[in-house]
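Overview (structure and organization)
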Amino acid sequence: MSLRLLVVGAGQMGSGIAQSAAQHDFEVFLWDSLSQQTEKALQQIRARLDRAVQKGEMDRSQADAIMDRIDVPHDLGSVPTVDLVVEAIIEQEKEKVSLFEQLGRLFDASTILASNTSSISISRIARPVPHPERVIGMHFMNPVPVMRLVEVVAGTLTSQDTVQKVVKWAEMMEKTPVVVQDYPGFVSNRILMPMINEAIFALQEGVASKEAIDTVMKLGMNHPMGPLTLADFIGLDTCLAIMEVLYEGFADSKYRPAPLLRKMVDAGLLGRKSGRGFYDYEKA
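Thresholds applied
Residues numbered from 1 in each chain as written. Predicted model: local features only at pLDDT ≥ 70, side-chain atom pairs only at ≥ 80, totals over all residues. Heavy atoms only, no water. Helix = DSSP H or I, 4+ residues; strand = E, 2+ residues; numbered from the N terminus. Buried < 20%, exposed > 50% of the residue type's maximum accessible area, 1.4 Å probe, protein only. Contact = heavy atoms within 4.5 Å. Areas by Shrake-Rupley, 256 points an atom, 1.4 Å probe, with all protein chains shown as cover. Lys, Arg positive; Asp, Glu negative; His and termini not counted. Charge placed at Lys NZ, Arg CZ, Asp CG, Glu CD. Polar contact = N/O pair within 3.5 Å; in protein donor to acceptor, adjacent residues only side chain to side chain. Domains from an automatic or database assignment. Buried area = accessible area lost by both parts, 1.4 Å probe. Salt bridge = Lys/Arg side-chain N within 4 Å of Asp/Glu carboxyl O. 1 Å grid on protein atoms, 1.4 Å probe; cavity = no way out; pocket = protein on both sides within 12 Å on 5 of 7 lines; lining within 4 Å. Points joined across faces, edges and corners; volume = space filled by probe spheres on them. Nonpolar A, V, L, I, M, F, W, Y, C, P; charged D, E, K, R; others polar.

1. Focus: the overall build of the protein
Counting its regular elements, the protein contains eleven helices and eight strands. Buried positions account for 48% of the 284 residues belonging to the protein. In the protein, 66% of the contacts between residues at least 6 apart in sequence involve partners at least 24 apart. Carbon and sulfur atoms make up 51% of the accessible area of the protein, which amounts to about 13,900 Å² in all. Treating the 29 positive side-chain charges of the protein as one cloud and the 36 negative ones as another, the clouds have centres 3 Å apart.

2. Side note on the side chain of Glu 91
Mapping Glu 91 onto the fold places it in the loop between strand 4 (84-87) and helix 4 (93-106). A distance of 3.1 Å separates a polar side-chain atom of Glu 91 from the backbone nitrogen of Ser 118. Within the structure, Glu 91 has its side chain in polar contact with the side chain of Ser 119 (distance 3.0 Å). If we ignore the near neighbours within four places in the chain, the residues touching Glu 91 are Lys 96, Thr 117, Ser 118, Ser 119, Ile 120 and Ala 241.

3. Things to note about the domain arrangement of the protein
Segmentation of the protein into domains returns domain 1 (4-181) and domain 2 (189-274). For domain 1 versus domain 2, the distance between C-alpha centres works out to 26 Å. At the junction of the two partners, domain 1 supplies nine residues and domain 2 supplies five residues. Interface of domain 1 and domain 2: buried area, both sides summed, is about 570 Å²; carbon and sulfur atoms make up 57% of it. Inspection of the domain 1/domain 2 interface yields zero salt bridges. Across the contact surface, domain 1 and domain 2 share one residue pair in polar contact (both at pLDDT 80 or more).

4. With respect to empty space enclosed by the protein
Tallied over the entire structure, the rule returns one cavity of 30 Å³ or more. When its volume is computed, the largest cavity comes out at roughly 40 Å³. Along its surface, the largest cavity is lined by Ile 122, Ser 123, Ala 126, Pro 132, Val 135, Gly 155, Thr 156, Leu 157 and Thr 158. For the lining of the largest cavity, a count of residues per class yields five nonpolar, four polar and no charged.

5. Quick notes on the pattern of salt bridges
A side chain of one charge can pair with a side chain of the opposite charge when the charged atoms of the two come close. Considering all chains together, one arrives at eleven salt bridges under this definition. A salt bridge links Asp 161 to Lys 165; its shortest N-O distance comes to 3.4 Å. Of this pair, Asp 161 and Lys 165 both sit in helix 6 (residues 160-172), four residues apart, which is roughly one turn of that helix. By relative accessible area, which is 36% here, Lys 165 ends up partly exposed. Residues Lys 273 and Asp 237 are paired through a salt bridge, measuring 3.0 Å at the closest nitrogen-oxygen approach. You can see Lys 273 sitting in the segment after helix 11 (259-266) and its partner Asp 237 sitting in helix 10 (residues 236-250), a full 36 residues away along the chain. Looking at Lys 273, the relative accessible area reads 51%, which means it is exposed. The exposure class of Asp 237 is partly exposed, given its relative accessible area of 28%.

6. Some points on the environment of Phe 26
Tracing the sequence through the fold places Phe 26 in the loop between helix 1 (12-23) and strand 2 (27-31). Sequence-distant contacts of Phe 26, that is, excluding residues within four places in its chain, are made with Leu 3, Leu 5, Ala 21, Arg 69, Trp 169, Met 172 and Met 173.

7. Details of helix 9 (residues 227-234)
Every buried residue belonging to helix 9 is among Pro 227, Leu 228, Leu 230, Ala 231 and Asp 232, and all of these are buried. In this structure, the buried residues of helix 9 make contact with helix 7 (188-204), helix 8 (210-221) and helix 10. Where helix 9 ends, the next residue or the one after it, Gly 235, has phi of about 110 degrees, a positive value.

8. A word on the side chain of Ser 115
Residue position: Ser 115 is located in strand 5 (residues 112-115). One polar contact links Ser 115 to Glu 87, side chain to side chain, over a distance of 2.4 Å. Side-chain polar atoms of Ser 115 contact the backbone nitrogen of Thr 117, separated by 3.0 Å.

Below, the structure written as structure tokens:
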């Protein structure tokens, strides 16, 4: 019997997690509070699979079978018993805690509850959940169908059995799970986001143009994309939210978000998702 997975949140990350799981024979339920977002996610998954068929990476019957393994429930209460729930909603602690409180009521202790959070404390997310030993971080990288890494984040009360199951399930999705402890930003964003933030400070201070900063990191450090391009790809609002978690969590000024980052988010310049960020994507 295939494993059952519920993905809550059908944005860029949620759709990628759903696709990756369905490609590896998981029975997937994909739900979002906005039905139009779920429809958009299904269209995006279908488009990615269509491209894979065109490239000869799979045939049409395989693509159709993957789509058939993704079900869209009417509401969370109508989802049957699942082995794993992965939350992939907005990177705001209040919203995540509220959702996990609801998930804890809907699913009994046999269901593991995972958060795709990129920085927020798993221990705090788990606080309102009955049987918090089943709550864990499962931080996928973007774009999920392509990137291999999954940070498996053990909260203070997360059981070893929960960690072992999630590691196994990540491997079943052909991911490389790395177990880390529950500190702000974990490993990936504790290192990545200060680098992006420093690049924004350099731009703000007029050290160099955005193109020059990105070129230095691409050609000098062999990064696949520059930090400002990457910030646009991630979403400047997400970058700011992560920096605020780091700044608050460590109480260290080295994690202070760049004023330019905050100014751009206030103006709605969020990167690719809004059409403009450090670069203009509306003409692309």
